[in-house]
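Listed below are the residues making up each chain.
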Amino acid sequence: MGSSHPDPQMNRLSNAINEDLLLGTEKIGQLRSFSSRISLEETLTEQEKNELLLMIGGIQLFIDDFEMKTYYLSHYNREQNILYEKQQFINETVMFLELLKSDDFLLKDTEVIFNQATAAINRGFLLYEKGNLILLDHLNEMQKSYQIKQIILFLIIIFSILLIYLFFGGVYVSVMQTIQALQTGTSQWIKGDLRSRIQVKTKDELKYVGDSFNQLAGNFEKNLEENRRIQLDLQHSLKKNNQLATAINNLEIGVIITDPILPDNPITFVNAGFEKLTGYRAEEVIGRKPSRLQGEKTSTKAKKRIREGIKNRESFSIEILNYRKDGELFWNLLSITPVYEDGKLVNFLGIQTDITKQKKADEKIYSLAYADQLTHLPNHNRLQMIVKKNIKSLMQEATILRLDVARFKNINHVRGFTLGDFTLVELAKRLEHILTGKGGFSRQYGDKFTIYLPHISNKQEVEQILKEIHKQLHEPFKIDGYTFYLEVSIGVSQFPKDGTDFITLMQHAEAALFKAKGTDGHFYVYYQSEMHKNFHEEYSIENNLRVAIEKEELFWTYQPKQDLKTGIITGMEALIRWNHPELGVISPFKFIPIAEKTGLIYQIGEWVLLEACKQNKKFQEQGLQPLIVSVNISAKQFSNKEYLLTTIDRIIEQTKLDPKYLEIELTESVFQNPAIVEPVLAEIKKRQIQVSVDDFGTGYSSLSYLKLFPIDVLKIDRAFIKDLLENNNDQKLTKSMIEIGHGLSLKVIAEGVETSRHIELLKTMNCDEVQGYYLAKQLTADEFVEFMRMNN
């Protein structure tokens, strides 16, 4: 580019840098915003996929076109620096596109995607700045070339005049002829005819003067034409420069130029984008320090980075919180580049972009991804990041507490979800008060919390925190006019004893929590390795239970009930069993709770009711006296009114069993919510179906439900009958329960009767009926028929 001839490649460079590059960078910014938003979703809609592919394709086309338009840069040694920046920009952009096209895109961290896009955008701005510096250098060289040619032209004219005077003292006629020719030629030149030449007929020295004059005229014509061309090129370059200045002034982004030679590096130029961005007019900031945009909330770390960058004369970008003229805060993506001329630093160029909306969007995305929206606590993702970081930093010990609120769903169902939310917020505040300075905690979902105690594993320290939690929960919750208490279960796992990674620690804490929820007397349990065995067994039972009905592995047994006064068999309880081909006979105490948790209880419960009614009808058809068959109904089945009543009606209709020979057995836990229980029981009684309370005495509910609801039978749990002969307290409790039942006109049945002494003692207590091994073990249908025929 040292030649005086204009370089057409510079024109193409100007177009590529000032038009294509700016548009391409803007497209990358749009893709950054879109991809950051959708990266938090588990799956993408077809519309989102198509939009993503269209945006990626648009940027890929821009990269290919931009690379083709600037390929010639490799032939210019002086442009190796911009060639490098161009390649870096293309590489960063391609890496961003490849990241979005990868199969595991949705698994990527949102911050990784945003940072990769930002790196490409920053490279684009850096390429833009360096490209325009090359254009400015080229313009300066053209101007210097034009000035030199003007000086040469002036010297040529002076030299011509001197030659004329030098030979003026020659032969008069020759001189006069030569002078006349010179005058004629000069006159033609003055008129603009630069092609005019003189003819000298003499062969003396004047001949050389004439020839020199003609040669001078030819060179002058040639130089003048060259000068005109240079002027046209210069005008074109100035026009392009004006277009560049106009483009810079019309940019939405702010452009600021400072003078590092003067004290405080004052501002020397700002564009209209700066004025719009900051609210300051150009005359208000030119000559002032750039730091006037900073304020109290501007990061000290960011200020220091800017000072260091200026001092080290380096190119860098930084996100900084700045102030507008009216005091409003905004996030500024600031890119600063030093500008050199002849190896000397002459300016700093700053590019400012308002990224406030993007930052707010990022904060919202971050909040959704890493914070619980109700309590504003860290969520599971955030907790995982914290624990992983601590483990990588060679943490020596830590403790995880998994916390679950007992029967929290009752608060939601009885008092409403709004009060339930207020309760969780209040619980979070109490836990936060306990853990201040000791650790942190997060909310996973619902009433599930996790407490994280880094650098703590000492049992005494952990149990002190557990005691404080227990103490806090002994204080009543007073919310929205209601007063109530909460109970929690806590599972404890410890690093590194119980696991060396986050997932394992959480799994083991969950296993301990599961154990704690089934343990009386202790609200917390430490993880033990054998708990895994229980989980594997439960998992195996769940998987096999799904096909047990189809494979006819479930079967019924029947246990008779006897009237103590008459000795007559009055009914039977249908008891479900599971004969697994590998695990053997599995107790309902193992698989029914699993069925309730997985929802299989609906399928099993419907099958149970159908088979019990069908078999009871068959017993009658076989000639047995009509008996009442008792069937257990789970709390989950009972809570679904429409399902339960519809199922009962359909099965009664299908089996043709008179409903008075069907009895529904319910545990005490069913009666926790009177508003739900009462209308269901009323409908059941309309159908003349009997209702009994099973395992009476083992629950924690109020006895008031016995008089509130239409109950027919009270069944005393076998736990009281087992030690009835030896334990006076059990005798007193059993007698009291019998008296309570009779006082409410209820029939009372004692379960688990195993000896004749039990029978005699229960007779003295006026118990109505009994069932248990003393009468018969659980019998198959055929065995029950035989039993009945032997006892008639």
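Residues numbered from 1 in each chain as written. Predicted model: local features only at pLDDT ≥ 70, side-chain atom pairs only at ≥ 80, totals over all residues. Heavy atoms only, no water.

Undergrad: Can you help me understand the overall build of the protein chain in this one?
TA: Helix and strand counts for the protein chain stand at 26 helices and 21 strands. Burial status across the protein chain gives 47% buried among its 792 residues. Sequence separation of 24 or more characterises 64% of the internal contacts of the protein chain that already satisfy a separation of 6 or more. For the protein chain, the exposed surface amounts to about 42400 Å²; the carbon and sulfur share of it is 53%. (Helix = DSSP H or I, 4+ residues; strand = E, 2+ residues; numbered from the N terminus. Buried < 20%, exposed > 50% of the residue type's maximum accessible area, 1.4 Å probe, protein only. Contact = heavy atoms within 4.5 Å. Areas by Shrake-Rupley, 256 points an atom, 1.4 Å probe, with all protein chains shown as cover.)

Undergrad: What am I meant to see in the nonpolar core here?
TA: If you look at soluble globular proteins, the nonpolar side chains tend to sit buried side by side. If you look at the biggest cluster of nonpolar residues, it comprises 82 residues, and the most contacted ones within it are Phe638, Leu662, Leu666, Phe671 and Leu762. Ignoring any residue separated from it by four or fewer positions in sequence, one finds Leu762 in contact with Leu564, Ile721, Leu724, Thr734, Ala750, Val753, Cys767 and Val770. Counting residues in each nonpolar core, the second largest holds 40 residues, with Leu44, Phe66, Phe89 and Leu99 among its members. (Core = buried A, V, L, I, M, F, W, Y, C linked by side-chain atoms within 4.5 Å.)

Undergrad: Sorry, what's going on with the side chain of Lys359 here?
TA: Structurally, Lys359 is set in helix H10 (residues 356-370). Within polar-contact distance, the side chain of Lys359 engages the side chain of Glu319 at 3.2 Å. If sequence neighbours within four positions are ignored, Lys359 has contacts with Glu319 and Trp331. (Polar contact = N/O pair within 3.5 Å; in protein donor to acceptor, adjacent residues only side chain to side chain.)

Undergrad: Please clarify how the pairing of strand S11 (residues 488-495) should be interpreted in this entry.
TA: Summarising burial for S11: eight of the eight residues are buried, a large majority. Residues Val488, Ile490, Val492 and Gln494 of S11 are buried on one face, and the alternating residues Ser489, Gly491, Ser493 and Phe495, pointing to the opposite face, are buried as well. Where strand S6 (residues 398-405) and S11 come together, eight bridges link them in antiparallel fashion. Among the inter-strand pairings, Ile400 is bridged to a residue of S11, identified as Ser493. Bridge analysis of S11 against strand S12 (residues 524-526) gives three bridges, and the strand direction is parallel. Residue Val492 lies in a different strand from S12, and its bridge partner there is Tyr526. (Pairing = 2+ DSSP bridges.)

Undergrad: It is not clear to me how the packing of aromatic side chains should be interpreted in this structure. Could you clarify?
TA: Here a ring pair, both rings aromatic, is described through the centre-centre distance and the interplanar angle of the planes. Under the defined criterion, the tally for this structure stands at 14 aromatic pairs. Relative to Tyr524, the ring of Phe523 lies with its centre 5.2 Å away and its plane at 80°, an arrangement referred to as edge-to-face. Centroid distance Trp578 to Phe591: 5.6 Å. Interplanar angle 90°. Geometry classified as edge-to-face. Note that Trp578 is positioned in strand S14 (residues 569-580) and Phe591 in helix H17 (residues 588-598), a separation of 13 residues in sequence. Since its relative accessible area comes to 0%, Trp578 is described here as buried. For Phe591, a relative accessible area of 0% corresponds to the buried category. One Lys or Arg, Arg305, reaches over the ring of Phe316 and ends 4.6 Å from the middle of that ring. (Phe/Tyr/Trp six-rings, centres within 6.5 Å; stacked < 30°, edge-to-face > 60°. Lys NZ or Arg CZ within 6 Å of the ring centre and 35° of its normal.)

Undergrad: What am I meant to see in the side chain of Gln559 here?
TA: Checked against the element boundaries, Gln559 lands in strand S13 (residues 554-563). Accessibility expressed as a relative area gives 3% for Gln559, which makes it buried. A polar side-chain atom of Gln559 sits 2.9 Å from a polar atom in the side chain of Gln771. For Gln559, the side chain forms a polar contact with the main-chain oxygen of Ala776, separated by 3.5 Å. Ignoring anything within four residues of it in the chain, the contact list for Gln559 reads Gly571, Met572, Glu573, Leu575, Gln771, Gly772, Tyr773 and Ala776.

Undergrad: Please clarify how the pattern of salt bridges should be interpreted in this entry.
TA: Should their charged atoms come close, side chains of opposite charge can pair. The tally for this structure, following the rule as stated, stands at 30 salt bridges. Of the charged contacts in the structure, one is a salt bridge between Glu284 and Lys325, with a shortest N-O distance of 2.8 Å. Of this pair, Glu284 sits in helix H8 (residues 282-285) while Lys325 is found in the loop between strand S3 (316-323) and strand S4 (329-341), placing the two residues 41 residues apart along the sequence. Glu665 is the partner of Lys561 in a salt bridge, and the nearest nitrogen-oxygen pair spans 3.7 Å. Of this pair, Lys561 sits in strand S13 while Glu665 sits in strand S17 (residues 662-667), and the two are 104 residues apart along the sequence. Classification of Glu665 as buried rests on a relative accessible area of 1%. Residues participating in the shared-partner salt-bridge network are Lys561, Glu573, Glu663, Glu665, Lys715 and Glu751. (Salt bridge = Lys/Arg side-chain N within 4 Å of Asp/Glu carboxyl O.)

Undergrad: What is the right way to look at empty space enclosed by the protein in this model?
TA: The method is simple in principle: a probe with the dimensions of a water molecule rolls over the atoms, and the space it marks as empty is what remains. Inspection of the entire model under this criterion finds three cavities of 30 Å³ or more. Taken together, Lys561, Thr570, Gly571, Ile628, Glu663, Val713, Lys747, Ile749 and Glu769 make up the lining of the largest cavity. Of all the secondary structure elements, the ones that give two or more residues to the lining of the largest cavity are S14 and strand S20 (747-750). Looking at the lining of the largest cavity residue by residue, the classes come out as three nonpolar, two polar and four charged. (1 Å grid on protein atoms, 1.4 Å probe; cavity = no way out; pocket = protein on both sides within 12 Å on 5 of 7 lines; lining within 4 Å. Points joined across faces, edges and corners; volume = space filled by probe spheres on them. Nonpolar A, V, L, I, M, F, W, Y, C, P; charged D, E, K, R; others polar.)

Undergrad: I would appreciate a short explanation of the sheet that holds S3 in the present structure.
TA: Sheet strands associate in pairs through backbone hydrogen bonding, adopting either a parallel or an antiparallel arrangement. With respect to topology, five strands assemble into an open sheet ordered S2-S1-S5-S4-S3, the strand pairing being antiparallel. Across the chains shown, the open sheet's two edge strands, defined by having one partner strand only, are strand S2 (267-270) and S3. The average undirected angle you get between the axes of adjacent strands in this sheet is 30°. Pairing between S4 and strand S5 (residues 344-354): ten bridges, direction antiparallel. By the bridge assignment for S5, Glu341 is matched with Lys344. Lying over the sheet, helix H9 (residues 300-312) contacts S3, S4 and S5, oriented at roughly 135° with respect to S3. (Axes fitted to C-alpha atoms, helices over the stretch in contact; angles between N-to-C directions.)

Undergrad: Any chance you could explain the sheet that holds S12 here in plain terms?
TA: The strand order across the open sheet built from five strands is S7-S8-S6-S11-S12, with neighbouring strands paired in mixed fashion. Each edge of the open sheet carries a strand with a single partner, namely strand S7 (440-445) and S12. Taking the axes of each pair of neighbouring strands and ignoring which way they run, one obtains an average angle of 20° across the sheet. Both S6 and strand S8 (residues 448-454) contribute to a ladder of seven bridges, which runs antiparallel. By the bridge assignment for S8, Asp404 is matched with Lys448.

Undergrad: Is there a simple way to explain the packing of helix H18 (residues 600-621) against helix H20 (residues 641-655) in this structure?
TA: Axes are the key here: two packed helices are described by the angle between their axes and the distance separating the axes. In the contact formed by H18 and H20, the axes pass within 10 Å of each other and the chain directions differ by 30°. In terms of orientation, H18 and H20 fall into the roughly parallel class. The interaxial crossing formed by H18 with H20 has right-handed handedness. The residues of H20 that touch H18, namely those facing Tyr602, Glu606, Leu609, Leu610, Cys613, Lys614 and Lys617, are Tyr643, Thr647, Ile648, Arg650, Ile651, Gln654 and Thr655. Looking at the contact of H18 with H20, its residues break down into seven nonpolar, three polar and four charged. (Parallel < 35°, antiparallel > 145°, perpendicular 65-115°, else oblique. Left-handed = near helix turned anticlockwise from the far one by under 90°.)

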